[in-house]
Amino acid sequence: MPCKFRIGDDRCNLGFSDAELEAGARCVLHSSPDDEASWSDLRTPVVQRALNSVIARCVESNTPVDLAGVVIPRDVSFGNAVLAQLIVRASHFGGGRHFSGTVFSAPVQIDQCTFRSDASFSEAHFKDKFEFRASAKAALDFSKARFDGSANINIATQGGKHVVRFNGIRCKDSFTLKPSGNFAADLELKEATFEGRFHAEGEYSAEIDCSGSCFSGAMSFSGEANRKFTSKGCHFRSGVDLRRAVLCAAADFSGSRFEERARFTCRFVGPAMFEDCAFEKQADFSAPESTEDKSAALNAIGFQGTSFRGAVLFTNRTFGSTTNFSTCEFFQAPEFHGATLHQDTRLPLIHAFKDRESEDAAAAYRTLRQAMESNNARSEEAMFYALEQKTLRRILGRQTRWENMASALYDGLSAYGVNFWRPIAWLLATMLVFGTMYAAWISWPIALSAPFDGERLVCGLTFSLQQVVNPFWVWRTTELPWSTNWPNALKVAATIESLLTTALFALSLLALRWRFKRE
């Protein structure tokens, strides 16, 4: 008499004899999941022997292991068996290390199964396609498992808070995570390696942590993360796409490296951290594409210590809180066209903006200058004005030769009004040069063998200082401090010094006024 197990078209084909059937005319592996006796620890050795017998027959005949509808109590294990194709549908597992270390040499299909307590697939090796659709009432552990084929994971979590772990896994093909309903378990994918495409979607009401993982293929996330999303120290070798993501809590990508285009045109509800990251190609943080999310403000976000080597886009973004770019490096001018910056926007110094030659840089700096002007941030406004002018000077055909010469002179003397110390330094250098010239004039003709005369040098420097504090004095007096055969030449030299030092002093005052200007 065959086992009476029936679920849809599935029938028991495990080959147990009539003598091996239990009460209710069911085999030992197909007891009723609603019967508490099926989960008794006393059944573990009985079920283990029956399972070992089924596995041994399938391995010997190289046929698929069909465990549709089986009921496996706690601590029954598949051990280190090497299995051909495994089919598990509508089965129930009591928990334990069922599949730890098991090697699956053919496709594995686990469909509509239920895991009543903690279950483990740690260090399992799936050599072909892996399909997993199950309901988990406790923790699932896939740590250090290997997936040579594609992996499609669909988990429905039930009960209290628990954890689903994929820590340290290695997947050579695509990896897809599509939970059924609200994923209520903490999701860990730490120190994992994904050589193919990685895609996750759905709603996650617990924390997600994929810190230290390496994504060699494209990585995309189009779900909603309601708790903290952590991706610290990750390495993204291909593109990153979070265009359709909603990150409702804190998101932390600190220390990660992005080698290709990274698209973060998603909705950030909570704070976001991108500290000490490296973006090798385009980093796109523009406003979300959807009309619903486009107006959502980007809350506190930090990029301290981050390097942007490609284009940086914040087009049409609204910044609703602190934005920190301090100690960043921009190798291309960041674009904030249409963006609304928060008053607490912290920017790096001028040397952090490396782009002074690209066609788009001048417009990018002009947009930032206007944004800083609207926030009355005078220092930053002056900095971006200087960057705009430096860029215009280097773009061929944007200005005439004379304009470029005047621009270069203004840059060299005061960095376009940004540096009020530089004109002072030039003024002191001018005084020293003219003072030395006046000392030589007093001693003319100079005897090279004569000892150094410090008094004449002091006299020359004093006369030079007099041209600074009392410009054009030489034209208002009839007596010069010393006799000379070329009095008019001396007056011309003193006039040139007065013109230069007065202009330098004015540049310093203008820069100082710009820096501390009040409305």
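Above this text you will find the structure in question.
Please read these numbers as outputs of a predicted model, since none were measured by experiment.

Moving on, we get to the packing of aromatic side chains. Overall, the coordinates contain 54 aromatic pairs when judged by the stated rule. Relative to Phe229, the ring of Phe221 lies with its centre 5.4 Å away and its plane at 50 degrees, an arrangement referred to as tilted. Taking the relative accessible area as the measure of exposure, Phe221 reaches 3% and is therefore buried. Their ring planes at 85 degrees and their centres at 5.3 Å tell us that Phe285 and Phe303 sit as a pair that is edge-to-face.

This part takes up the nonpolar core. Grouped together as the largest cluster of nonpolar side chains are 88 residues, with contacts concentrated most on Phe132, Phe175, Phe221, Phe264 and Phe274. Those elements giving two or more residues to this core turn out to be β9 (108–115), β12 (130–136), β15 (151–157), β18 (175–177), β22 (198–200), β26 (219–221), α3 (361–374) and α4 (378–394). Listed in part, the nine residues of the second largest apolar core include Trp441, Phe463, Leu490 and Ala493.

One simple way to see leftover space: roll a probe sized like a water molecule over the atoms. The tally for this structure, following the rule as stated, stands at one cavity of 30 Å³ or more. Taken as a whole, the largest cavity holds about 80 Å³ of empty space. If you go around the largest cavity, the residues you meet are Leu177, Leu187, Leu189, Phe198, Ala200, Tyr204, Ile208, Cys210, Phe215, Met219, Phe221 and Phe229. Elements with a minimum of two residues in the lining of the largest cavity: β22 and β26. Here the lining of the largest cavity is built from residues that sort into twelve nonpolar, no polar and no charged.

The tally for this structure, following the rule as stated, stands at 14 salt bridges. With a shortest N-O distance of 3.4 Å, Arg165 and Glu188 are connected by a salt bridge. Residue Arg165 is found in strand β16 (residues 163–165), and its partner Glu188 is found in strand β20 (residues 186–188); the two are separated by 23 residues along the sequence. According to the relative accessible area criterion, Glu188 is buried, its value standing at 17%. Linked by salt bridges that have partners in common, Arg257, Glu259 and Glu280 make up one network.

Turning our eyes to something else, we now look at the layout of surface pockets. Size it by volume and the second largest pocket reaches roughly 210 Å³. What lines the second largest pocket is a set of 14 residues, among which Leu349, Ile350, Ser379, Met383 and Val418 lie closest to the centre. If you list the elements that add at least two residues to the lining of the second largest pocket, you get α4 and α8 (487–515). Looking at the lining of the second largest pocket, the element that brings in the most residues is α4, giving five residues. Taken together, the residues of the lining of the second largest pocket break down into eight nonpolar, three polar and three charged.

So, on to α3. Between its first and last C-alpha atoms α3 spans 20 Å; for 14 residues at 1.5 Å apiece the expected length is 20 Å, and the two agree. Directly after α3, the chain includes Asn376, whose backbone phi takes a positive value near 55 degrees.

This part covers a nonpolar patch on the surface. On the surface, a cluster of nonpolar side chains totalling about 550 Å² of accessible area is made up of Phe472, Trp475, Val492, Ile496, Leu499 and Leu500. Relative to the assigned elements, Phe472 resides in the loop between α7 (454–469) and α8. Among the residues examined, Phe472 registers a relative accessible area of 32% and is labelled partly exposed.

Take the pairing of β9 next. With six of eight residues buried, β9 lies mostly within the body of the structure. Relative to β12, β9 runs parallel, the two being bridged by seven bridges. Following the sheet pairing, Asp111 is matched in β12 by Arg133.

By the element assignment, Lys390 lies in helix α4. A residue is classified by how much of its surface remains accessible, and Lys390, at 12% relative accessible area, is buried.

Strand order in the open sheet made by the five strands is β19-β23-β27-β31-β35, with parallel pairing throughout. Two strands lie at the open edges of the sheet, namely β19 (182–183) and β35 (267–268), each paired on one side alone. Bridge count for β19 against strand β23 (residues 203–204) is two bridges, and the pairing is parallel. Bridged to Phe183 within β23 is Tyr204.

Looking along a regular strand, one sees side chains alternate from face to face of the sheet. The buried fraction of β15 amounts to five of the seven residues, a majority that puts the element mostly inside the structure. Of the strand pairs in this sheet, β12 and β15 are connected by seven bridges, and their pairing is parallel. Paired with Arg133 across the strands is Asn154, a residue of β15. Pairing analysis gives three bridges linking β15 to β18, with the strands arranged parallel. The partner of Ala151 across the bridge, within β18, is Phe175.

Here the focus is α4. With 17 residues, α4 extends 25 Å from end C-alpha to end C-alpha; this agrees with the ideal 24 Å at 1.5 Å per step. Judged by how many residues are buried, α4 sits mostly within the fold: 13 of 17 residues are covered.

Rules of the game
- Throughout, a residue's number is its position along its own chain's written sequence, starting from 1.
- Only residues with pLDDT of at least 70 are given local features in this predicted model, and only at 80 or more are side-chain atom pairs given and counted; all residues enter the totals for whole chains, interfaces and linings.
- The basis for every side-chain value is the complete set of non-hydrogen atoms in the structure, without hydrogens or water.
- Pairing of aromatic rings covers Phe, Tyr and Trp, the last counted by its six-membered ring, and requires centre-to-centre distances within 6.5 Å; plane angles under 30 degrees mean stacked, over 60 mean edge-to-face, and any other angle means tilted.
- Relative accessibility thresholds used throughout: buried, under 20% of the residue-type maximum; exposed, over 50%; partly exposed, between the two (1.4 Å probe, protein chains only).
- Nonpolar cores were defined as sets of buried Ala, Val, Leu, Ile, Met, Phe, Trp, Tyr and Cys residues, with membership established by side-chain atoms within 4.5 Å.
- Comment: elements are numbered from the N terminus, with helices defined as DSSP H or I runs of at least four residues and strands as E runs of at least two.
- Cavities and pockets are defined on a 1 Å grid built over the protein atoms alone: a cavity is a set of grid points where a 1.4 Å probe fits but cannot escape, while a pocket is an open set with protein on both sides within 12 Å along at least five of seven lines, and lining residues are those with an atom within 4 Å of any such point.
- Grid points are joined across faces, edges and corners, and a volume is the space filled by probe spheres set on the points.
- Gly is put with the polar residues, along with every residue not named as nonpolar or charged; the nonpolar set is Ala, Val, Leu, Ile, Met, Phe, Trp, Tyr, Cys and Pro, and the charged set is Asp, Glu, Lys and Arg.
- For this analysis, a salt bridge means a side-chain nitrogen from Lys or Arg found within 4 Å of a carboxyl oxygen belonging to Asp or Glu.
- Helix span, expected: 1.5 Å multiplied by one less than the number of residues in the helix.
- Only residues whose relative accessible area exceeds 30% and that form no salt bridge are eligible for patches; like-charged ones are grouped when within 9 Å, while nonpolar side chains (Val, Leu, Ile, Met, Phe, Trp, Tyr) are grouped when within 5 Å.
- The Shrake-Rupley method, run with a 1.4 Å probe, gives the accessible areas here. Residue values count only the displayed protein chains as cover.
- Following DSSP output, two strands are said to pair if at least two bridges run between them.

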